[in-house]
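This is what each chain is made of:
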Amino acid sequence: MTQTSREIMKDACKISLQTELQKLTELDSNQIVYQSLSKEQIYQLAQKINFLPFEYRNLLFFRYCFENTTFEIGNILEIENAKSKLLYVQRMLSRLMELNNTWIDNNSIKEACKLALQEDKNFYDSMEVFYKPNYSNSFRRKLKRIKAAQNPYEVFRLIAKRVAVFIAVCILSFSAVLAVNAQARENFYHWIVETFPKFSIFITQSKNESNRLAELGVFKIKYIPKDFELINTTELRTMMIYNYSSRDSKKMTIKLFTSDSEDKTYYDTENIEIEEFIFKESQAYTWQTDQMAYLIWYQDGIECHISGNLTKDEIIKIAENIEK
């Protein structure tokens with residue numbers, strides 16, 4: 001095959017893959033029939049997973065071993081269309097297992113991923129490291145931030161032995177380092193976010209018992225945009241709601257929660273890009289529609305939501321001035 005022929009074939013494959021990914025994005029999950037695998041089939045599936053390209057293996061490991069959302073995976077691994085690619089891999093594995101018009105269920109994939117990751121880890125643990133990785137000062141500082149959750153020497157040893165492959169991807173991001181340790185991750189990640197074509201679900205993960213009965217009234221809102229006035233305040237056992245209005249009929253709402261369970265919040269995010277960032281040492285999300293801006297974050301164990309007829313910059317400025 002000539003160079004030109006290979007390039008044509010490569011371009012054709014890319015177009016075909018993008019077409020498949022688009023179809024999977026539009027797939028109705030309710031139409032999928034799932035099938036559990038036997039122990040022998042799970043072992044066979046683990047072997048097939050270890051033959052996948054690194055990107056596909058990492059997608060599976062982060063989703064089913066480290067329990068990241070597809071949104072988090074896309075950010076950590078810098079993968080476009082992480083959700084549709086994960087579906088593509090799931091369907092491909094189901095076909096490789098010769099299932100008839102059914103997909104492998106999540107529990108079976110999870111067990112197979114654990115076996116595959118363990119085999120992968122055993123292989124790289126057996127490798128002799130001939131050099132000491134030269135970590136930047138910035139990365140060393142990030143390691144110190146999780147030393148309470150995991151022995152720093154163990155973190156170093158684990159990363160050093162596997163720097164050639166999987167963990168080499170992880171250390172590029174502090175989020176990825178936290179992903180391998182549940183206790184450290186809990187201090188920074190407070191939501192699981194599931195994004196659908198027309199809406200997104202924010203599922204609360206923090207269950208800090210020491211803050212269950214926190215006095216929400218101690219939080220002071222020290223900045224409100226010009227022309228906005230407080231209309232009413234609703235005080236419940238685990239919630240404070242502040243409603244504001246302006247002379248030109250603009251609205252703004254500030255909600256403060258104490259969460260002690262996996263609460264779900266639904267937002268209309270159709271055709272909207274959600275921005276994730278670190279705010280007040282917490283995972284935070286913000287997005288803008290034609291009329292409204294939204295921001296959610298955690299602060300001192302309290303879940304905070306702001307929405308209103310404002311810009312994202314104004315919303316963030318309000319949040320910066322909410323203090324005890």
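Residue positions are counted from 1 within each chain, in the order its sequence is given. Only residues with pLDDT of at least 70 are given local features in this predicted model, and only at 80 or more are side-chain atom pairs given and counted; all residues enter the totals for whole chains, interfaces and linings. The side-chain quantities take in all heavy atoms of the structure and omit both hydrogens and water.

Notes on the overall build of the protein
If you tally the helices and strands in the protein, you get 12 helices and 14 strands. Within the protein, buried positions represent 44% of all 324 residues. Counted over contacts in the protein with a minimum sequence separation of 6, partners at least 24 positions apart contribute 60%. Roughly 18,800 Å² of accessible area belongs to the protein as shown, and the carbon and sulfur atoms make up 49% of that amount. Strands are runs of DSSP state E lasting at least two residues, helices are runs of H or I lasting at least four, and both sets are numbered from the N terminus onward. Only protein chains enter the accessibility calculation, which uses a 1.4 Å probe. A residue is then buried if its area is under 20% of the maximum for its type, exposed if over 50%, and partly exposed in between. Note on contacts: a residue pair is in contact if any heavy atoms of the two residues lie within 4.5 Å. Surface accessibility in these figures is a Shrake-Rupley result with a 1.4 Å probe; residues are shielded only by whichever protein chains are displayed.

Some remarks on the environment of N68
Among the structural elements, N68 can be located in the loop between α3 (54-64) and α4 (70-77). On the basis of relative accessible area, N68 is assigned to the buried category, the value being 0%. With 124 residues separating them along the chain, N68 and I192 place their C-alpha atoms 7.8 Å apart. Under the rule applied, a polar contact is a pair of N or O atoms within 3.5 Å (in protein, one hydrogen donor and one hydrogen acceptor; residues adjacent in sequence only if both atoms are side-chain atoms). Looking at N68, its side chain comes within polar contact range of the side chain of E72, at 3.1 Å.

Notes on the packing of aromatic side chains
Note on aromatic contacts: the rings of Phe and Tyr and the six-membered ring of Trp form a pair at centre separations within 6.5 Å, being stacked when their planes are under 30 degrees apart, edge-to-face when over 60 apart, and tilted otherwise. Considering all chains together, one arrives at 8 aromatic pairs under this definition. With 5.6 Å between their ring centres and 80 degrees between their planes, F62 and F66 make a pair best called edge-to-face. Across the pair, F66 and F62 agree in class, each one buried. Among the aromatic side chains, those forming a connected cluster through ring pairs are Y267, W287 and Y294. The rule is short: NZ of Lys or CZ of Arg within 6 Å of the ring centre and within 35 degrees of the ring normal puts a charge over the ring. Its end group placed over the ring of Y223, K317 keeps NZ or CZ at 4.5 Å from the ring centre.

Comments concerning the environment of V89
As for its position among the elements, V89 is in helix α5 (residues 82-96). Along the primary structure V89 and R57 are separated by 32 residues, whereas in three dimensions their C-alpha atoms are 9.0 Å apart. Leave out the neighbours within four places in its chain, and V89 touches L52, Y56 and L60.

A closer look at the pattern of salt bridges
Here, a salt bridge means any Lys or Arg side-chain nitrogen found within 4 Å of an Asp or Glu carboxyl oxygen. The full count for this structure, using the stated rule, is 4 salt bridges. When the shortest N-O distance is used, the salt bridge between K85 and E55 registers 3.4 Å. Highlighted residues: K85 in helix α5 and E55 in helix α3, separated in sequence by 30 residues. Here K85 falls in the buried class, since its relative accessible area comes to 13%. In this structure E55 comes out as partly exposed when scored by relative accessible area, which is 32%. Between K110 and E67 there is a salt bridge, and its shortest N-O distance comes to 3.4 Å. With a gap of 43 residues between them, K110 in helix α6 (residues 106-125) and E67 in the loop between α3 and α4 connect regions that are remote in the sequence.

As for α5
Expected helix span is computed as 1.5 Å times (number of residues minus one). Between its first and last C-alpha atoms α5 spans 21 Å; for 15 residues at 1.5 Å apiece the expected length is 21 Å, and the two agree. Of all the positions in α5, only A82, S84, K85, L86, Y88, V89, Q90, R91, L93 and S94 are classed as buried. Immediately beyond the C-terminal end of α5, within one or two residues, lies E98, with a positive phi of roughly 60 degrees.

Examining unusual backbone geometry
Positive phi is not limited to glycine here, since E98 has a value of about 60 degrees. Turning to its location among the elements, E98 is positioned in the loop between α5 and β2 (103-104). A residue is classified by how much of its surface remains accessible, and E98, at 67% relative accessible area, is exposed. At S249, a residue that is not glycine, the phi angle is positive and equals roughly 70 degrees.

Looking at the packing of α3 against α5
As a rule, the C-alpha atoms of each element are fitted with a line to give its axis, helices using only the stretch in contact, and angles between N-to-C directions run from 0 to 180 degrees. It is the contact of α3 with α5, at a shortest axis distance of 10 Å, that shows an interaxial angle of 100 degrees. As summarised for this structure, α3 and α5 are arranged roughly perpendicular, according to the angle between their axes. Together, E55, Y56, L59, L60, R63 and Y64 of α3 and A82, K85, L86, Y88, V89, Q90, M92 and L93 of α5 make up the contact between the two elements. Each residue is assigned to one class: nonpolar for Ala, Val, Leu, Ile, Met, Phe, Trp, Tyr, Cys and Pro, charged for Asp, Glu, Lys and Arg, and polar for all the others, Gly among them. Here the contact of α3 with α5 is composed, by residue class, of 10 nonpolar, 1 polar and 3 charged. Small angles under 35 degrees read as roughly parallel and large ones over 145 as roughly antiparallel, with 65 to 115 read as roughly perpendicular and the rest as oblique.

Side note on the pairing of strand β12 (residues 293-299)
Across the 7 residues that make up β12, a large majority, 7, are buried. Because side chains alternate across β12, one face comprises the buried residues A293, L295, W297 and Q299, and the other comprises Y294, I296 and Y298, equally buried. Think of it this way: DSSP has to see at least two bridges between two strands before they count as a pair. When strand β11 (residues 282-288) meets β12, the two strands line up antiparallel, connected through 4 bridges. Counted as the bridge partner of Y285 is I296 from β12. Adjacent in sequence and paired antiparallel, β11 and β12 are bridged by 4 residues. The hairpin formed by β12 and strand β13 (residues 302-308) contains 2 residues between the paired strands, and D300 there has a positive phi angle of roughly 55 degrees.

These results come straight from atomic positions and should not be treated as a statement about function.
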